[in-house]
Amino acid sequence: MQAQDNDDLALLRNSASITKDEVVNSLVGRYEQRPQSQPYTSIGDRLLIAFNPNEAQEQSSDAAAQRYVDDYRDTSSGRQPLPPHIFKVAEQAYLHMRRTGLSQSISFM
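Novice: Summarise the pattern of salt bridges; cite the residues concerned and give the values.
Specialist: Taken as a whole and judged by the stated rule, the model has three salt bridges. Its salt-bridge partner being Arg-79, residue Asp-71 comes within 2.9 Å of it at the nearest N-O pair. Overall, the relative accessible area of 8% leaves Asp-71 in the buried class. In this structure, Lys-88 and Glu-91 form a salt bridge, with 3.5 Å as the shortest nitrogen-oxygen distance. On the criterion of helical spacing, the pair formed by Lys-88 and Glu-91 is a turn pair, its members being three residues apart in helix α4 (residues 86-100). On the basis of relative accessible area, Lys-88 is assigned to the partly exposed category, the value being 23%. In this structure, a network of salt bridges that share partners links the residues Asp-71, Arg-79, Lys-88 and Glu-91.

Below, the structure is given as structure tokens:
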């Protein structure tokens, strides 16, 4: 099962059994499509896989950061989700902290 251009690996998460090969093949396929593809892949809401292609990325620009700020502020229904990004992980951690009052952690490995 392959991730599509602008989505994440959520379809794999919904699979009855996710294999390591499915995840690796999806990531390799996305990496081979660079620079058109993105370096971030999410699996569900709480796991983000990022690879560093050692080249300039549009996702690191000020304009890209502003899109995620605007998305955070936009509470309208029916808006298009943005591609996976570290900013989205930070937003989810912040919102979970506000909702539950529990501390949150983001780990980089």
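Novice: Talk me through helix α3 (residues 62-73); I want residue IDs and the actual numbers.
Specialist: For α3, spanning 12 residues, the distance from its first C-alpha to its last is 17 Å, which sits close to the expected 16 Å at 1.5 Å a residue. Looking only at α3, the buried set comprises Ala-64, Tyr-68 and Asp-71. Along the long axis of α3, the arc covered by the buried residues comes to 60°, so they all point the same way. Exposed and oriented more than 90 degrees from the buried face of α3 are Asp-62 and Arg-73. At its buried positions, α3 is contacted by α4.

Rules of the game
- Residues numbered from 1 in each chain as written.
- Predicted model: local features only at pLDDT ≥ 70, side-chain atom pairs only at ≥ 80, totals over all residues.
- Heavy atoms only, no water.
- Salt bridge = Lys/Arg side-chain N within 4 Å of Asp/Glu carboxyl O.
- Buried < 20%, exposed > 50% of the residue type's maximum accessible area, 1.4 Å probe, protein only.
- Helix = DSSP H or I, 4+ residues; strand = E, 2+ residues; numbered from the N terminus.
- Expected span 1.5 Å × (residues − 1).
- Arc of directions from axis to C-beta.
- Contact = heavy atoms within 4.5 Å.

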